[in-house]
Amino acid sequence: MEAEQARVAYVHSPALAKAASKLPSNLNRSAMVHSMILDAFCAGKWMRITAPVPITKDDLTQFHSEEFVELLLSAEYLPSDESKEHLQQLEDFGLLHDCPVFPGLGDYVKQAAGGTIAAVHQLMNGSADVAIHWDGGRHHAHRDFASGFCYVNDIVLGILELHKKFKKVLYIDLDIHHCDGVERAFEFSSKVFRLSFHKHEVGFFPGTGSPWETGSGKGKNHALNIPLPPSTTSETFFETFKETLQTVLDTKYASPNVIVMQCGLDGCRADPLVQQGWKLDSFVIGNCVRNLLDVVDVPVLLLGGGGYSNSMAARGWTYATLQVLKGVGAPVLCASDESIDNLKLVEIPEHRYLDNYIPECLLYAE
């Protein structure tokens, strides 16, 4: 399969990886993810590699407020004084605690948002059936403030862009944290159905996502929240995903024109940030991706999200990418067949970050 014939678009550029690797909550994660996918498994030859599109302030204000965007793009250059006024401004816009200002913030925002818009354009112009942007998926950012390590809500911006061609959008979120920023943006919309699988307990961030939150106004019954307990295993998660997805497609939101899925990996057992989280392995999110592609015949946008173990994020999104490619007939993975037992034996090829996966150096990890 020649690159120009590929029906899978993959967002990547050296500038994007450099900018995303500076994100304080995910230092160097982007570099490790792209290196495993493109260098270790050489998957780029079966995909259309797409760079982020240039993003302007006007593009960002399609969702975010002008005041927030102005500060977001200039905060790193402002004098870092400790005055009450300055600290209050940062506090008001969510740029003081879990989303601190850092060198390269403005470029990161543009690259992350531009990557999702680039992926969207690949779907809109018919160049790809599946578009992947693992540096996107920042679902906690709100119109006026950053939150939960998310400075810009590229998901909302991407869906707004998709609406220029596609009327009905099904949004699916697999992150262990509820997609509060996306839900708030489309709470009153009937054009976006929001399906979220997450942990929902007292004191667990962001505190939203109860089963009784179903949307408001015209958006009533256009949100389905599936809280899952800390004991959730890969097997339980996958079966719940399959059954719920089919129910949504059959009875709640038939015939969506396009699907956006956030593939957060912070539900993995090894995630260092989430205490008492799920017990997921590095394969289950990729298996959900493959199941989605097997049951729908519409364009699909796949985005990243949470995941604070760099090695698990690289494993999980690499496996998901390879499952996408196997679905379109690309000769990826070296196992003799597609059984899970055999796939668990796939070794990570030598590349720059191989030392991070020793001693077993397997694609699968619990």
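Note that this is a predicted model, so its numbers are computed, not measured.

Participant: Report on the sheet that holds strand 4 (residues 169-173), specifying residues and quantitative values.
Facilitator: Remark on secondary structure: sheet strands pair via backbone hydrogen bonds, oriented parallel or antiparallel. Sheet architecture is open: 8 strands sit in the order 2-1-3-8-7-4-5-6, paired in parallel fashion. The open sheet has two free edges, formed respectively by strand 2 (48-50) and strand 6 (223-227), since each of these has just one partner strand. Taking each pair of neighbouring strands and ignoring which way they run, the sheet shows an average axis angle of 15°. With 5 bridges connecting them, strand 4 and strand 5 (residues 192-198) associate as parallel partners. Pairing of V169 across the sheet is with V192, part of strand 5. Contacting strand 4, strand 5, strand 6 and strand 7 (258-262), helix 9 (residues 234-252) runs over the sheet at an angle of about 160° to strand 5. Sitting on the sheet, helix 10 (residues 284-295) touches strand 3 (130-133), strand 4, strand 7 and strand 8 (300-303), and the angle it makes with strand 7 is about 175°.

Participant: Break down the pairing of strand 5 for me, citing the residues and quoting the values.
Facilitator: Burial within strand 5 is extensive, with 7 of its 7 residues counted as buried. Since strand 4 and strand 5 lie parallel, the crossover through helix 8 (residues 180-185) that links them has a hand, and here it is right-handed. Note that strand 5 and strand 6 share 5 bridges and pair parallel. Bridged to R194 within strand 6 is A223.

Participant: I'd love a proper account of the pattern of salt bridges, names of residues and values included.
Facilitator: Scanning all chains against the criterion turns up 10 salt bridges. Linking E161 and K164 is a salt bridge whose minimum nitrogen-to-oxygen distance equals 3.0 Å.

Participant: Give a description of unusual backbone geometry that names residues and reports values.
Facilitator: Backbone torsion omega between F205 and P206 reads 0°, so that peptide bond is classified as cis. Checked against the element boundaries, P206 lands in the loop between strand 5 and strand 6. Here the bond from I358 into P359 is cis, since omega is 10°, no more than 30 degrees from zero. By the secondary structure assignment, P359 is in the segment after helix 12 (340-343). Despite not being glycine, N28 has its phi angle at roughly 70°, a positive value. With respect to the helices, strands and loops of the structure, N28 is situated in the loop between helix 1 (14-20) and helix 2 (29-40). Under the relative-accessibility criterion, N28 is labelled partly exposed at 30%. Not every positive phi belongs to a glycine, and C42 is a case in point at roughly 50°. Considering the arrangement of structural elements, one finds C42 in the loop between helix 2 and strand 2. For C42, a relative accessible area of 38% corresponds to the partly exposed category.

Participant: Report on the side chain of S309, specifying residues and quantitative values.
Facilitator: For S309, the location among the structural elements is in the loop between strand 8 and helix 11 (310-327). Those residues in contact with S309 that sit more than four places away from it in its chain are A270, D271 and P272.

Criteria and thresholds
Residues numbered from 1 in each chain as written. Predicted model: local features only at pLDDT ≥ 70, side-chain atom pairs only at ≥ 80, totals over all residues. Heavy atoms only, no water. Pairing = 2+ DSSP bridges. Helix = DSSP H or I, 4+ residues; strand = E, 2+ residues; numbered from the N terminus. Axes fitted to C-alpha atoms, helices over the stretch in contact; angles between N-to-C directions. Contact = heavy atoms within 4.5 Å. Buried < 20%, exposed > 50% of the residue type's maximum accessible area, 1.4 Å probe, protein only. Right-handed = clockwise from strand over helix to strand, strands pointing away. Salt bridge = Lys/Arg side-chain N within 4 Å of Asp/Glu carboxyl O.

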